[in-house]
Amino acid sequence: MKIQFDIPPGSAQEANGLPVRYAAAKRQVPRWRWYLLLAMVLAAPAYLLMRFAIAYWWETAPGFVVTEQVAVGVHTSGRVARIVAVGETVPAGQPVMVLEPPTAAGAPASTALAAPLAAATDPAVAQAVAQGQAARLAGLKEAERLALRQAALHQERVRTMEGLRLQGAATRQELDGVRLQAMQAQASVDRARAERAENAAQVARDRALAQAALRAQSPVPLAAPGAPGTNAGTGPLAAGAALPSPDVVAPFDATVVRQLVRRGEWVVPGTDVAVLQGRGAPMVHAYVLPNEARYAQVGRQASLQFMDGGRIRAEVVGVVAEAERLPAERVSPLSPRMPSIVVRLRPLEPLPAAYRIHQLPLDVRFDWVWSGF
């Protein structure tokens, strides 16, 4: 049996020897559309290739803007009478917060010294005051003793956990948690000691006021004018001048960036009342991995790249003497937080006001150098 196949058409314009006339195309397809489609397909590989080249030739490290910032607190108890508003500038030595005076404004000195005078002259009042002071002192001593005992227990637990860590029976997170508890216990000890010292200072102030009240009532001074520890002026004004001011003053020229207390609020010693930011030039801290330590050298140049696209040149001026882990907010959840070298950079031009924000995140791109240098 012989199979014969049909001869295929010689062209698409004829069939079985008969010409086929197709309708003419309505329009010509422009070639740029094909180029656009090709560019869209190749855009993603080109972007990934560019990112790889940038990461290979230039080292990029996460960084933060660091300003001179400090929290100030009170050293005596009282009620807040006035506090500087957020955003206001405070010169060095000027008050940031003012406490209410112990007596009403305009009250005579005799009214202010009435209670100390009664405690100094009336035996019953003096005995009651002494009993109250002794009870408070005993309570403060007991609180300090308990705080010391708690701190000792936490230190013993830290040593035990360190031994377990060396044996592989404890994790790093568990050891860090125990150390944090020990630091909190030590902070409790410091607070107890500060309260005891404040109580001693309060007792000394009460005694000074009592002595001033006696001097105001007695025509004969209690001490010779030239004796050590006495002042040329006597009376309540001289005694009041010897007392330290309870107001909180700025340690340097600064701007108030946060209020931690409000007007009329009662504060105790050690309470932070405001956060101040210095007006000095801010620095930038960058986290460089140990295998890129060649960039952590004084004099290296880099570019500060802010999140809004701004760029400013900077120079390495120093390295922090202790390695720190990369902040968690700048690391992918799938990447480990490796200990990094903290590099301090100084911007080569003043930062704009929009960038003078404490802990403002940015990227630091170091200029490329050979691995051998």
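That block above? That's the structure.
Residues numbered from 1 in each chain as written. Predicted model: local features only at pLDDT ≥ 70, side-chain atom pairs only at ≥ 80, totals over all residues. Heavy atoms only, no water.

## Some thoughts on the side chain of Glu-144
To keep it simple, the criterion reads: We count a stretch as a helix when DSSP gives it H or I for four or more residues in a row; a strand needs E for two or more, and each element gets its number in order from the N terminus. In this analysis, two residues are considered to be in contact whenever any of their non-hydrogen atoms come within 4.5 Å of each other.
Position of Glu-144 relative to the elements: it lies in helix H4 (residues 123–166). Excluding residues that lie within four positions of it along the chain, Glu-144 makes contacts with Ala-192, Arg-193 and Arg-196.

## Quick word on the sheet that holds strand E11 (residues 272–278)
Filter applied, for reference: Strands were regarded as paired on the criterion that DSSP finds at least two bridges between them.
The antiparallel open sheet is built from 4 strands, whose spatial order is E4-E11-E9-E6. Of all strands in the sheet, those bounded by a partner on one side alone are strand E4 (69–73) and strand E6 (89–90). Two strands pair when backbone bridges link them, and strand E9 (residues 254–259) and E11 are joined in this way by 5 bridges, in the antiparallel orientation. Note that in E11 the partner of Val-256 across the bridge is Leu-276.

## Some points on unusual backbone geometry
The backbone of Gln-359 sits at a positive phi, close to 65 degrees, despite the residue not being glycine. Secondary-structure assignment places Gln-359 in the loop between strand E16 (339–347) and strand E17 (360–366).

## What about the pairing of E17?
Going by this rule: Only protein chains enter the accessibility calculation, which uses a 1.4 Å probe; a residue is then buried when its area is under 20% of its type maximum, exposed when over 50%, and partly exposed in between.
Only one face of E17 is covered, namely the face carrying Leu-360, Leu-362, Val-364 and Phe-366; the face carrying Pro-361, Asp-363 and Arg-365 is uncovered. Where strand E3 (residues 59–66) meets E17, 7 bridges bridge the pair, whose relative direction is antiparallel. Looking at the pairing, Ala-61 lines up with Val-364 of E17. Relative to E17, strand E13 (residues 301–306) runs antiparallel, the two sharing 5 bridges. Bridge pairing links Leu-304 to Val-364 in E17.

## A few points about the sheet that holds strand E8 (residues 248–249)
Strand order in the open sheet made by the 4 strands is E8-E7-E5-E10, with antiparallel pairing throughout. Each edge of the open sheet carries a strand with a single partner, namely E8 and strand E10 (266–267). With 3 bridges connecting them, strand E5 (residues 78–83) and strand E7 (residues 95–99) associate as antiparallel partners. In the sheet register, Val-80 faces E7, and the bridge partner there is Leu-99.

## Topic: the pattern of salt bridges
Going by this rule: By convention in these notes, a salt bridge is any Lys or Arg side-chain nitrogen within 4 Å of a carboxyl oxygen on Asp or Glu.
This structure, assessed with the given rule, holds 10 salt bridges. Across the salt bridge formed by Arg-279 and Asp-253, the nearest N and O atoms sit 3.7 Å from each other. Note that Arg-279 is positioned in the loop between E11 and strand E12 (283–288) and Asp-253 in the loop between E8 and E9, a separation of 26 residues in sequence. For Arg-279, a relative accessible area of 47% corresponds to the partly exposed category. A salt bridge links Arg-313 to Asp-367; its shortest N-O distance comes to 2.7 Å. Within this pair, whereas Arg-313 is found in strand E14 (residues 311–319), its partner Asp-367 is found in the segment after E17, the two being separated by 54 residues in sequence. Residue class for Arg-313 comes out partly exposed when judged on its relative accessible area of 32%. Classification of Asp-367 as partly exposed rests on a relative accessible area of 28%. What emerges from the salt-bridge pattern is a single network uniting Glu-144, Arg-193 and Arg-196.

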